[in-house]
Number of protein chains: 2
Amino acid sequence: MPSAHPLEPGPDEMRDMAARASAVLVEHIASLPDQPASSFEGIDELVAALREPAPEGGSEFAELLAQIGEAAVRGFNTAGPGYLAYIPGGGLWSAAVADFLATAFNRYVGVWNAAPVFVQMEWQTIRWLADAFGYPAESSGILTSGGSMSNFSAVVAARRAMLGDDVTGGVVYVTEQTHVSALKSAVLAGIPRANVRALPGDDLLRMDPVGLRAAIVDDRARGLRPFLVVASAGTTNTGAVDPIAAVADVASAEGLWLHVDAAYGGFFQLTERGRAAFAGVERADSITLDPHKGMFLPYGTGSLLVRDGRRLREAHDVHEAEYLQDLAEHETTPNFSDLSPELSRDFRGLRVWLPLKLHGLAAFREALDEKLDLARVLYEGIREAPGIEIPWEPELSVVAFRMGAEDDTRALLDRINASRRIFLSSTMVGGRMFLRACVVSHRTHRDRIDEAVGIIRDSAAEVAGAAPRATGSPP
Amino acid sequence: MPSAHPLEPGPDEMRDMAARASAVLVEHIASLPDQPASSFEGIDELVAALREPAPEGGSEFAELLAQIGEAAVRGFNTAGPGYLAYIPGGGLWSAAVADFLATAFNRYVGVWNAAPVFVQMEWQTIRWLADAFGYPAESSGILTSGGSMSNFSAVVAARRAMLGDDVTGGVVYVTEQTHVSALKSAVLAGIPRANVRALPGDDLLRMDPVGLRAAIVDDRARGLRPFLVVASAGTTNTGAVDPIAAVADVASAEGLWLHVDAAYGGFFQLTERGRAAFAGVERADSITLDPHKGMFLPYGTGSLLVRDGRRLREAHDVHEAEYLQDLAEHETTPNFSDLSPELSRDFRGLRVWLPLKLHGLAAFREALDEKLDLARVLYEGIREAPGIEIPWEPELSVVAFRMGAEDDTRALLDRINASRRIFLSSTMVGGRMFLRACVVSHRTHRDRIDEAVGIIRDSAAEVAGAAPRATGSPP
């Protein structure tokens, strides 16, 4: 087909490219339940074929599409129903179509009058999230690329509000179970690593408010400036939910900013069980939650809510860009670039707005309730299996377990993942290795969890029954 | 059509959704040359229609698609050929298709073994950019959401390399013309605003290396710790290119990190004229360049290159996430999450890799040369027009101009934009208001620039010929 311009194909060619891509994707998604949960076959050759200088001339779209299709099915099958590792990332079709629209329309949403209706769509998604958490009308927020950037903006908002321009002596409190992005955010924001206190958790791996208060008092006595406590709802390791109301009491009494990292767990707030677990979350000064986790959206869709919206703006609005002088403020809709480290960035709002409008909130609530149920099913199915240890009931949708010896736990992970029907990851809790299964994908249903129970039980039995390893001698 | 699951339509419905979206987009893009350069008609109604609580039930896709189509054509027509304001953002169809693929496949690219072939595709784009700037094999880089995040990571890399953990007394040097994101990045990174020195430029608005050195010596004498100088290639206001080699001499002699913000101008490096203008850029410690500008990609695609790749990693790798313990390092391909503030984020690499492979580098080089030519055409066409003042020849593709009086300049902007065939923005330089036309879109060709020359000349003549405003009296 002839091109209208080297970089802009004609309408027929454009339609054809999109149709071919769509056909590949639909076939791929329909086959996800049958695909292996991980695959590393032939990756050396595929990777080597990519290593080349920048090509001076072009290539055929059909060939490149085939190459992308081969690339897509290598590694962890994060989009499939058996992916229970880390925090699964969803990938609703409606969100992919929304992103296609957003990218091809390519309007700029960093300031409201550049694309007032698109900006309002994105702002609407922020209002809906704020409503779900009982935040007031003066709350604000942004969509980010993910939980790490949300936590970063929370840290700078807290820093600016509580410390002003001078970060000297600022101290942040987390627990040993808090996601590493809290530490990373603090370091990026200029807080020395030594000033991030990782408090020990209680028996259920939750933040201890008494210990928190003691640490704050102690740091104050040393002349330091405690300014931020980060609670989790829930943790990545085990799904533990910190006692938010009690932590809020301490933060309030001591004058600290309370940030709740609900990147993984936040959307369970749509369910009755989630709201009970997160009691008091509306008192948090800021909340991270990732639509690319609990809303089943594609990777790259995080969010941050801030109860007093002015605080978010004061931390991010530097007000000195003369070349932006034509861009007035709107009465009710913000310029997102005043609330975020980003000026230009993708239009994330459409991939939140369209799925919510298309499917409705009820569909998400039901799916989230299903995930909580599935985690219970998994827990009940393996907790009395011979050789398996599970110290904690799942508070949300993570089940963490181990075998008595670390070598056995490692062997168990290898066997489970060798099934290629499910894929788990491991972590360390209190110096001991644990496997974890996190049920968040919208594609994971009862059939796969029943299968997972069987695989885990069988694998544990095999590991327990295997002859002890004889070092240096033949089997 | 029946759905397989409330959140996952069946294959026929999926294909249908994509086909409808594609049809709307192709028609939209084909009509871009005829669309107004800006439109605010009916926005109050469209915005008001969006204000609602989160919907409990779903809606029809066709209705939502129509609503999105209405929203898309309001505000500044950033995707059209007449958009010459700020920095135009492109929007290649091949990139939109790539993003559709990336989003629907939804693999995770933050660590290499989660998606080794996709990660290599993204890494390949970094290698190509590094090669274009003469960076060595040990250089590294990341794709970001845009120039602001690239500049931020450059600041933290410089801070970590030059100051260590303690930011106290750190000083950053920019010019009055440096993009505001440099200041913002420093503030976000914990450098007090008062420690960011905005040096006056020379007659051509470029950084003065002698003044830079004097400022560094002066700050050192006051006990401060100069650590970073940010040069521009070129500036957003006028496209001015700082004398990079001379600035590199000062940075090297004084032991400062040299960052070059080439967010707007960087891809002109692919042209002979660009390479001449950027002489010495390979000596920079880091370079920001935005594929969503000079590669005509959709908003949300920035990049940062760092000459000594270890520096980027040392600033971003906190190494404490036990739940990531299964993720080994690859010999030659990095874990992007160790090089960036982000852990989860979208797979940006595909929308850089696919367009480069599909169209080839030559197509981009030719298009960039065309933009440099078009800026000359615009400059020559209006520089002797009655009433127009143009103090600077365009170094790259920005033409900045004004009329004698600020009111006239403002009136000129209004008249030009009222044409709705082109859309310009204004800025302040040295306390005076300037209009600026920035030629970067892949859709802007000679016909539109000739039209722009006519519109600007006619508008200036009208403003110059208009009776002086009589305050309070009827015309």
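The shown structure was predicted, so the numbers you read here are calculated from the model rather than taken from an experiment.

Draft legend 1. Looking closely at the overall build of chain A. When its secondary structure is counted, chain A shows 16 helices and 14 strands. For 475 residues, the compact-globule estimate of 2.2 N^0.38 gives 23 Å, and chain A sits close to it at 24 Å. On the principal axes, the C-alpha backbone points of chain A span a range of 75 × 75 × 45 Å. Burial analysis of chain A (475 residues in total) assigns 65% to the buried set. Look at the contacts in chain A between residues 6 or more apart in sequence, and 75% of them connect residues 24 or more apart. Surface exposure of chain A reaches about 15600 Å², of which carbon and sulfur atoms provide 51%. If you average the places of the 44 positive and of the 63 negative side-chain charges in chain A, the two averages end up 4 Å apart.

Draft legend 2. Just the nonpolar core, in detail. Counting 196 residues, the largest nonpolar core has A:W93, A:F118, B:W93, B:F118 and B:V260 as its most contacted members. When sequence neighbours within four positions are dropped, the list of residues in contact with B:V260 reads B:A231, B:A233, B:I244, B:V281, B:A284, B:S286, B:I287 and B:T288. Core analysis: the next-biggest nonpolar cluster, separate from the first, contains 62 residues, A:A315, A:L339, B:A182 and B:L304 among them.

Draft legend 3. How the structure looks around the side chain of A:R107. Of note, A:R107 is situated in the loop between α4 (93-105) and α5 (116-132). Buried A:R107, no salt bridge; nearest opposite-charge side chain is B:E70, N-O distance 11 Å. Within the structure, the side chain of A:R107 is placed 2.9 Å from the backbone oxygen of B:A72, a separation counted as a polar contact. Within the structure, A:R107 has its side chain in polar contact with the backbone oxygen of B:R74 (distance 3.3 Å).

Draft legend 4. Inspection of the relation of the copies chain A and chain B at higher detail. Once chain A has been moved 0.0 Å along the axis and rotated by 180°, it coincides with chain B to within an RMSD of 0.0 Å. Within this description, the copies of the chain are treated as partners about a two-fold rotation axis. Looking at chain A, 100% of its interface residues are interface residues in chain B too, so the copies touch through the same face.

Draft legend 5. Quick look at the interface of chain A and chain B. Contacts between the two partners involve 152 residues from chain A, matched on the other side by 152 residues from chain B. Summing both sides of the interface, chain A and chain B together bury roughly 13700 Å²; the carbon and sulfur share of this comes to 65%. Taken together, chain A and chain B are joined by six salt bridges. Note that B:K357 and A:E52 form a salt bridge whose closest N and O atoms lie 2.6 Å from each other. Taken together, chain A and chain B are joined by 61 residue pairs in polar contact (both at pLDDT 80 or more). Here the side of chain A that touches chain B takes 13 residues from helix α1 (residues 11-30) of chain A, the largest share from any one element.

Draft legend 6. The arrangement of the packing of α1(A) against helix α1 (residues 11-30) of chain B in detail. Where α1(A) meets α1(B), the axes come as close as 9 Å, and the angle between the chain directions of the two elements is 160°. The angle between α1(A) and α1(B) falls in the class roughly antiparallel. In this structure, α1(A) meets α1(B) at a crossing whose hand is right-handed. Packed against α1(A), whose contacting residues are A:P11, A:M14, A:R15, A:A18, A:S22, A:V26, A:I29 and A:A30, the element α1(B) presents B:P11, B:M14, B:R15, B:A18, B:S22, B:V26, B:I29 and B:A30 at the interface. Grouping the amino acids of the contact of α1(A) with α1(B) by side-chain chemistry returns 12 nonpolar, two polar and two charged.

Draft legend 7. A look at the environment of A:V429. Residue and element names in this part refer to chain A. Topologically, V429 is positioned in strand β13 (residues 425-429). The spacing of V429 and G170 is 259 residues in sequence and 28 Å in space, taken between C-alpha atoms. Setting aside its immediate chain neighbours within four residues, V429 contacts Q177, L205, N237, T238, W392 and F434.

Draft legend 8. Structural context of the pairing of strand β10 (residues 286-289) of chain A. Residues and elements named next belong to chain A. A two-sided burial pattern is seen for β10, the buried positions comprising S286 and T288 on one face and I287 and L289 on the other. With helix α10 (residues 272-277) bridging strand β9 (residues 257-261) and its parallel neighbour β10, the resulting β-α-β unit is right-handed. Taken together, the four bridges between β10 and strand β11 (residues 302-306) define a ladder with antiparallel strand orientation. Looking at the pairing, L289 lines up with S303 of β11.

Draft legend 9. A look at the side chain of A:Q124. With respect to the helices and strands, A:Q124 occurs in helix α5. At 3.5 Å, the side chain of A:Q124 and the backbone oxygen of B:L50 are in polar contact. What A:Q124 contacts, discounting residues up to four positions off in sequence, is A:W353, B:L50, B:R51 and B:E52.

Draft legend 10. A look at the confidence of the model for chain A. Of all residues in chain A, 95% attain a pLDDT of 70 or more, and the chain-wide mean is 94. Across the interfaces of the predicted complex, the ipTM metric reaches 0.96, alongside a pTM of 0.96.

Draft legend 11. The arrangement of the pairing of strand β10 (residues 286-289) of chain B in detail. Of the strand pairs in this sheet, strand β9 (residues 257-261) of chain B and β10(B) are connected by three bridges, and their pairing is parallel. Bridge assignment links B:V260 to a residue of β10(B), and that residue is B:I287.

Draft legend 12. Highlighting helix α5 (residues 116-132) of chain B. Residue and element names in this part refer to chain B. Here α5 contains 17 residues, and its C-alpha end-to-end distance of 24 Å stays within 8% of the 24 Å for a straight helix at 1.5 Å per residue. Within α5, 15 of the 17 residues are buried, which leaves it mostly tucked inside the rest of the structure. G134, located one to two residues past α5, shows a positive phi value of around 70°.

Draft legend 13. Representation of the sheet that holds strand β13 (residues 425-429) of chain B. All names here are of chain B. Here we have three strands laid out as an open sheet, ordered β12-β14-β13, and antiparallel in their pairing. Two strands lie at the open edges of the sheet, namely β12 (398-401) and β13, each paired on one side alone. Each neighbouring strand pair of the sheet contributes to a mean axis angle of 35°, computed without reference to strand direction. As paired elements, β13 and strand β14 (residues 432-438) share five bridges and run antiparallel to each other. Across the sheet, the residue bridging to T427 is F434, located in β14. With respect to the sheet, helix α14 (residues 361-382) is in contact with β12 and β14, its orientation differing from that of β12 by roughly 20°. Where helix α15 (residues 406-418) meets the sheet, its contacts fall on β12, β13 and β14, and the angle it forms with β14 comes to roughly 25°.

Draft legend 14. Inspection of the environment of B:V247 at higher detail. All names here are of chain B. As for its position among the elements, V247 is in helix α9 (residues 244-254). Since its relative accessible area comes to 0%, V247 is described here as buried. Counting along the chain gives 92 residues from V247 to L339, while the straight-line C-alpha distance between them is 26 Å. If near-sequence neighbours (up to four positions away) are discounted, V247 is found in contact with M207, L212, V229 and L258.

Draft legend 15. Fine view of the packing of helix α13 (residues 350-359) of chain A against helix α3 (residues 61-72) of chain B. Remark: α13(A) packs on α3(B), axes separated minimally by 10 Å, with the N-to-C direction vectors making an angle of 150°. The element α13(A) and its partner α3(B) pack so that their crossing is right-handed. Facing α13(A), whose interface residues are A:L350, A:W353, A:L354, A:K357 and A:L358, α3(B) presents B:F61, B:L64, B:Q67 and B:I68. Each residue belonging to the contact of α13(A) with α3(B) can be placed in one class, and the counts come to seven nonpolar, one polar and one charged.

Draft legend 16. Molecular detail of the pattern of salt bridges. Inspection of every chain in the model, using the stated rule, returns 77 salt bridges over all chains. With a closest N to O distance of 2.8 Å, A:R283 and A:D249 form a salt bridge. Taken together, the residues A:R283 in the loop between α10 and β10 and A:D249 in helix α9 (residues 244-254) connect sequence positions 34 residues apart. Across the salt bridge formed by B:D373 and B:R273, the nearest N and O atoms sit 3.0 Å from each other. One end of the pair, B:D373, is in helix α14; the other, B:R273, is in helix α10 (residues 272-277), with 100 residues separating them in the sequence. What makes B:R273 partly exposed here is its relative accessible area of 39%. Salt bridges linked by common partners bring A:D99, A:E122, A:E342, A:R345, A:D346, A:R348 and A:R351 together as one network.

Draft legend 17. Fine view of unusual backbone geometry. The omega torsion across A:A233 and A:G234 is -10°, close enough to zero to call that bond cis. Structurally, A:G234 is set in the loop between β8 (225-232) and α9. Unlike most non-glycine residues, B:Y86 shows phi in positive territory, near 45°. Mapped onto the elements, B:Y86 comes out in the loop between β4 (75-76) and α4 (93-105). What makes B:Y86 buried here is its relative accessible area of 9%. Located in the positive-phi region is B:N106, a residue other than glycine, with phi close to 50°. Here B:N106 lies in the loop between α4 and α5.

What counts as what
Residues numbered from 1 in each chain as written. Chains lettered and ligands numbered in written order. Predicted model: local features only at pLDDT ≥ 70, side-chain atom pairs only at ≥ 80, totals over all residues. Heavy atoms only, no water. Helix = DSSP H or I, 4+ residues; strand = E, 2+ residues; numbered from the N terminus. Rg over C-alpha atoms; globule rule 2.2 N^0.38 Å. Buried < 20%, exposed > 50% of the residue type's maximum accessible area, 1.4 Å probe, protein only. Contact = heavy atoms within 4.5 Å. Areas by Shrake-Rupley, 256 points an atom, 1.4 Å probe, with all protein chains shown as cover. Lys, Arg positive; Asp, Glu negative; His and termini not counted. Charge placed at Lys NZ, Arg CZ, Asp CG, Glu CD. Core = buried A, V, L, I, M, F, W, Y, C linked by side-chain atoms within 4.5 Å. Salt bridge = Lys/Arg side-chain N within 4 Å of Asp/Glu carboxyl O. Polar contact = N/O pair within 3.5 Å; in protein donor to acceptor, adjacent residues only side chain to side chain. Least-squares fit on C-alpha atoms with pLDDT ≥ 70 in both. Buried area = accessible area lost by both parts, 1.4 Å probe. Axes fitted to C-alpha atoms, helices over the stretch in contact; angles between N-to-C directions. Parallel < 35°, antiparallel > 145°, perpendicular 65-115°, else oblique. Left-handed = near helix turned anticlockwise from the far one by under 90°. Nonpolar A, V, L, I, M, F, W, Y, C, P; charged D, E, K, R; others polar. Right-handed = clockwise from strand over helix to strand, strands pointing away. Pairing = 2+ DSSP bridges. pLDDT = per-residue confidence, 0-100. Expected span 1.5 Å × (residues − 1).

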